[in-house]
Amino acid sequence: MTDFSNEIAVLKDITLEYVDAADLDRYRKIFDIQIAGFNALDQLDASASPCLPEHREFTRGVPLIRQAVLEIDAPWATGQLYRMGELLYGLDVSEDQFKADLKEQLVRAGWDLNGLLVWAAYGRNNEFSRKFSDLLDLDSEDLRVWVRESIRPWYWKLADLQTDPVKYEEWSHGYCPICGNSPVIAVLKEEEGFRFLSCNMCNFSWRTHRLRCGVCGNTDEKKLRYLFTEHESPHRAHVCDGCKSYLLTIDTRKWKFERRIYPRIEHIVMLFLDALAQREGFTSSPVEH
Ligand SMILES: [Zn+2]
Ligand SMILES: [Zn+2]
C-alpha cells in the first residue's frame, strides 16, 4: 500500500529556491482529493474494485491494462469528477445535479462515461471529445486534465496491486508496463547509475537502460545529453538529439537528504526545466507502442 502521508510530507520538505510555492499549493489540493478517492476504493464491492487481468501479450510488450477492457466504477468516478470540478472550476451545483447534468451532456455528445474516462488517459481528441468539451464550454485539454486528475487514484490502485517485481525486470520499453502511459520523469539511483522511469498516470516505476532514448530507441551516446541550470542540482532534462525529445530526470546521487519520490510533485518542482527544454527545441513526446 502506498504511504501517502510520506508523500504529503515531501511537499513540506521541498525548499528549493526555483520551486513556485503557489504551484505546489495548487497541486496539494488536487492531491487531497486523489488521496480521499484512493481510500474510498477500499469501500467498493469486490466486483466494482480495480483489478488487473493477466494476458499473454505482456511478454510481447503489451501493457497489462488494455484500454478496450478497462472499466472504472461509474459512481466512484463521477464523485471524483464532482469534487475535482468544485476545486478546478468552482462548480456550484449539488452532486446529484452534477451527475444528472453530466449524464445528459454525454448523451447529447453521443458519448458514454467509460468512453470519456478511457479517452482522458489514452485517447487523441476526436469528434466526441470536441463536442463534449464544447457543450461544457471547456478547452479539450482542460477537460482532459480534469478527468485525468479525477480518476488517477484508480490507476494508482492498479499499480499497487503489483507485488511481483521480478516480472518487470525484462521490461525494456519506454512506456509503462502497467497502463501503457509515457513516463513523467526518470530517476537515477545509486553509484551504478541505475535509471528508473516513473509512469505519468499510475506512478509505477520500472528499471530501464541508462543510455537509451525511450521515445526513439537511440543508444548513440553522442546524441544523448543533459540540459541543466546548476551543476550541483539533482534536476535536469535528458534530451535526445535523434528525435528531439526530452525527459525530466532526477539524479538522487546529488540529493542532500533522502526522501521518497512522488513523480507528480517532482514534475512540478522541475517545471522550469520543461520551459528550458522547449526553448531549446525539444518536445515531451508520448511514447508510441
Ligand atoms: Zn502506468
Ligand atoms: Zn530519441
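These lines cover the structure that appears in this document, whether it is placed above or below.

Calculation criteria
- Residues numbered from 1 in each chain as written.
- Chains lettered and ligands numbered in written order.
- Predicted model: local features only at pLDDT ≥ 70, side-chain atom pairs only at ≥ 80, totals over all residues.
- Pairing = 2+ DSSP bridges.
- Helix = DSSP H or I, 4+ residues; strand = E, 2+ residues; numbered from the N terminus.
- Axes fitted to C-alpha atoms, helices over the stretch in contact; angles between N-to-C directions.
- Parallel < 35°, antiparallel > 145°, perpendicular 65-115°, else oblique.
- Left-handed = near helix turned anticlockwise from the far one by under 90°.
- Contact = placed C-beta atoms within 7 Å.
- Nonpolar A, V, L, I, M, F, W, Y, C, P; charged D, E, K, R; others polar.
- Expected span 1.5 Å × (residues − 1).
- Buried ≥ 20, exposed ≤ 12 C-beta atoms within 10 Å, placed from the backbone.
- Arc of directions from axis to C-beta.
- Core = buried A, V, L, I, M, F, W, Y, C linked by C-beta atoms within 7 Å.

**Here's the deal with the sheet that holds strand 3 (residues 205-208)**
Spatial strand order, 3-2-1-6-5-4: 6 strands in an open sheet with mixed pairing. In this open sheet, the two strands that pair with only one neighbour each are strand 3 and strand 4 (224-227). Strand-to-strand twist across the sheet, computed as the mean angle between neighbouring axes with direction ignored, equals 35 degrees. Pairing of strand 2 (residues 194-199) with strand 3 involves 4 bridges; the strand directions are antiparallel. Counterpart to Leu-197 in the pairing with strand 3 is Trp-206.

**A short note on the packing of helix 2 (residues 21-41) against helix 3 (residues 74-89)**
Each pair of packed helices can be summarised by the angle the axes make with each other and by the distance between the axes. Running from N to C, helix 2 and helix 3 point in directions that differ by 165 degrees, and their axes come no closer than 10 Å. Here helix 2 is positioned roughly antiparallel relative to helix 3, judged by the angle of their axes. Crossing hand, helix 2 versus helix 3: right-handed. Facing helix 2, whose interface residues are Lys-29, Ile-30, Ile-33, Gly-37, Ala-40 and Leu-41, helix 3 presents Trp-76, Gln-80, Arg-83, Met-84 and Leu-87. Split by residue class, the contact of helix 2 with helix 3 holds 7 nonpolar, 2 polar and 2 charged.

**Remarks on helix 2**
Over its 21 residues, helix 2 extends 30 Å from the first C-alpha to the last, a length consistent with the 30 Å expected when each residue adds 1.5 Å. Along helix 2, the positions that sit buried rather than exposed are Phe-31, Ile-33, Gln-34 and Gly-37. Projected down its long axis, helix 2 carries its buried residues within an arc of 165 degrees, all on one side. Helix 2 presents Ala-21, Ala-22, Asp-25, Lys-29 and Asn-39 as exposed residues on the side facing more than 90 degrees away from its buried surface.

**Side note on unusual backbone geometry**
Despite not being glycine, Asp-137 shows a phi value in the positive range, around 60 degrees. Topologically, Asp-137 is positioned in the loop between helix 6 (127-136) and helix 7 (140-160). Since 6 C-beta atoms lie within 10 Å of it, Asp-137 is described here as exposed. The residue Lys-244 is not glycine, and still its phi comes out positive at about 60 degrees. Its location among the elements puts Lys-244 in the loop between strand 5 (235-240) and strand 6 (245-251).

**Considerations on the packing of helix 4 (residues 95-108) against helix 6**
It is at 9 Å that the axes of helix 4 and helix 6 come closest, and there the two elements cross at 135 degrees. One element, helix 4, and the other, helix 6, form an angle in the oblique class. In the crossing of helix 4 with helix 6, the sense of the turn from one axis to the other is right-handed. In this structure, helix 4 contributes Gln-105, Leu-106 and Arg-108 to the contact, and helix 6 contributes Phe-132, Leu-135 and Leu-136. When its residues are assigned to classes, the contact of helix 4 with helix 6 shows 4 nonpolar, 1 polar and 1 charged.

**Notes on the environment of Leu-116**
Mapped onto the secondary structure, Leu-116 falls in helix 5 (residues 113-122). Given 24 C-beta atoms within a 10 Å radius, Leu-116 is considered buried.

**Brief notes about the nonpolar core**
Counting 53 residues, the largest nonpolar core has Tyr-155, Leu-158, Ile-178, Cys-179 and Cys-202 as its most contacted members. Of the residues forming this core, the biggest block, 8 residues, is contributed by helix 7. Sequence-distant contacts of Tyr-155, that is, excluding residues within four places in its chain, are made with Cys-179, Met-201 and Cys-202.

**Description of the pairing of strand 5**
Counting buried positions over the 6 residues of strand 5 gives 6, a clear majority of the element. Neither face of strand 5 is exposed, since His-235, Ala-237 and Val-239 on one face and Arg-236, His-238 and Cys-240 on the opposite face are all buried. Bridge analysis of strand 4 against strand 5 gives 4 bridges, and the strand direction is antiparallel. Looking across to strand 5, one finds that Tyr-226 is bridged to His-238. Here 6 bridges tie strand 5 to strand 6, and the two strands are oriented antiparallel to one another. Looking at strand 6, one finds that Val-239 is bridged to Tyr-246. Taken together, strand 5 and the strand that follows it, strand 6, pair antiparallel across an intervening segment of 4 residues, in which Lys-244 is found at a positive phi of about 60 degrees.

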